[in-house]
Amino acid sequence: MTTSSNDKEELIEALKACGAVKFGDFTLASGKKSKYYIDIKKASSDPGTLKIIAKQAAAQIKAMDIDIVGGVALGGVPIATAVSLETDMPLLLIRKSAKEYGTGGRFVGDVTEGDRIILLEDVTTSGGSVIEAIGAIREAGCIIDKVITVVDREDGATENLNEIDVKLIPLVRASDLLADN
C-alpha cells in the first residue's frame, strides 16, 4: 500500500506548519552536512501533526499481518505509541542498549517468539539505528520485514534495509518535502 497524494500533501503541510522542516547548514547524526533538517521531534510533540502521522501509518498497517507496533528510542517512541493507540495493537519499545538495572533488557513490552512486529521510525537516513534494532528483534525470535518511517531522507536506508530483507515504507520522502523549495 502506498500513501495517497492527498495524504502526502496533508502530512507535508503539517510538517512545515509545525516547524519540523528547517533550512540552513546542519550536521546530521551521521556526521554528514545538509542544507535542510527534519526535526520530527517538533512533529511528535504537536498533537495535530502526530495524529496525522498515526492515522497514515495505521492505514498502512491495516493491510498487513502484524501483531505488535514497535518504536526505537527516542524518535520512534511517540510515533509508535500514537500508532499503537490508533490501531489498538500492543506496543514494543526498543532501547538503544540493554538496561543494566531493574528487570534489564532491551525491550519495553512483551514479545513472544514468532510475533510479527513492524517498526515505526521518525526519520531514516542510512537506516543504521533501525537496522540495529531489527537485529535485536530477530535475536528474540520475532519476525520483522517492514519499517514505516515518517520521512525517508533518501540517503541509503531503502537499499540498506533491502539487504536484510526489510522493506522501508516512507510516509513522505525528502524529495516530496523539498519539492516546493
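Reading the values: rules and limits
- Residues numbered from 1 in each chain as written.
- Predicted model: local features only at pLDDT ≥ 70, side-chain atom pairs only at ≥ 80, totals over all residues.
- Heavy atoms only, no water.
- Helix = DSSP H or I, 4+ residues; strand = E, 2+ residues; numbered from the N terminus.
- Rg over C-alpha atoms; globule rule 2.2 N^0.38 Å.
- Contact = heavy atoms within 4.5 Å.
- Areas by Shrake-Rupley, 256 points an atom, 1.4 Å probe, with all protein chains shown as cover.
- Lys, Arg positive; Asp, Glu negative; His and termini not counted.
- Charge placed at Lys NZ, Arg CZ, Asp CG, Glu CD.
- Expected span 1.5 Å × (residues − 1).
- Buried < 20%, exposed > 50% of the residue type's maximum accessible area, 1.4 Å probe, protein only.
- Arc of directions from axis to C-beta.
- Salt bridge = Lys/Arg side-chain N within 4 Å of Asp/Glu carboxyl O.
- Pairing = 2+ DSSP bridges.
- Polar contact = N/O pair within 3.5 Å; in protein donor to acceptor, adjacent residues only side chain to side chain.

Enquirer: I'm lost on the overall build of the protein chain in this one. Help?
Expert: A tally of regular secondary structure across the protein chain gives seven helices and eight strands. For 181 residues, the compact-globule estimate of 2.2 N^0.38 gives 16 Å, and the C-alpha radius of gyration of the protein chain, at 16 Å, lies within 12% of that figure. The dimensions of the protein chain, computed from C-alpha atoms along their principal axes, are 45 × 35 × 30 Å. The contacts of the protein chain with a sequence gap of at least 6 include a subset with a gap of at least 24, amounting to 59%. Accessible area of the protein chain: about 8,900 Å², with a carbon and sulfur share of 51%. The distance from the centre of the 21 positive side-chain charges to the centre of the 28 negative ones in the protein chain is 4 Å.

Enquirer: Sorry if this is basic, but what is going on with helix α1 (residues 5-17) here?
Expert: Think of an α-helix as 3.6 residues a turn; residues three or four steps apart then line up on the same face. Over its 13 residues, α1 extends 18 Å from the first C-alpha to the last, a length consistent with the 18 Å expected when each residue adds 1.5 Å. Looking at α1, one finds that the buried residues are L11, I12, A14 and L15. Looking straight down α1, one finds that the buried residues subtend no more than 165 degrees of arc, so they occupy a single side. Opposite the buried face of α1, at more than 90 degrees from it, the exposed residues are S5, N6 and A17. Just downstream of α1 lies G19, where phi reads positive at about 85 degrees.

Enquirer: Would you explain the pattern of salt bridges in this entry?
Expert: Side chains that differ in charge, positive against negative, can pair when their charged atoms come close. Taken as a whole, this structure holds nine salt bridges when the rule is applied. A salt bridge links E86 to K55, with the nearest nitrogen and oxygen atoms 3.8 Å apart. Of the two residues, E86 sits in helix α4 (residues 76-87) while K55 sits in helix α3 (residues 47-61), which places them 31 residues apart along the sequence. Taking the relative accessible area as the measure of exposure, K55 reaches 48% and is therefore partly exposed. In this structure, R106 and E132 form a salt bridge, with 2.6 Å as the shortest nitrogen-oxygen distance. In this pair, R106 sits in strand β5 (residues 105-108) while E132 sits in helix α5 (residues 128-139), placing the two residues 26 residues apart along the sequence. With a relative accessible area of 16%, R106 lands in the buried category. Given a relative accessible area of 42%, E132 falls into the partly exposed group. One network of salt bridges, with partners in common, ties together D65, D67 and R116.

Enquirer: Sorry, what's going on with the pairing of strand β2 (residues 33-38) here?
Expert: Looking along a regular strand, one sees side chains alternate from face to face of the sheet. As paired elements, strand β1 (residues 21-27) and β2 share five bridges and run antiparallel to each other. If you follow K22 over to β2, its bridge partner there is Y37. Linking β1 to β2, which pair antiparallel, is a turn of five residues; within it G31 sits at a positive phi near 95 degrees.

Enquirer: In this structure, what is going on with the side chain of D115? I would like to understand it.
Expert: Its place among the elements puts D115 in the loop between β5 and β6 (117-124). Although D115 lies buried, it forms no salt bridge, and the closest oppositely charged side chain, R116, sits 7.0 Å away as judged by the N-O distance. There is a polar contact of 2.7 Å between the side chain of D115 and the backbone nitrogen of T112. When residues no more than four places from it in sequence are discounted, the contact partners of D115 are D67, I68, D110, C142 and I143.

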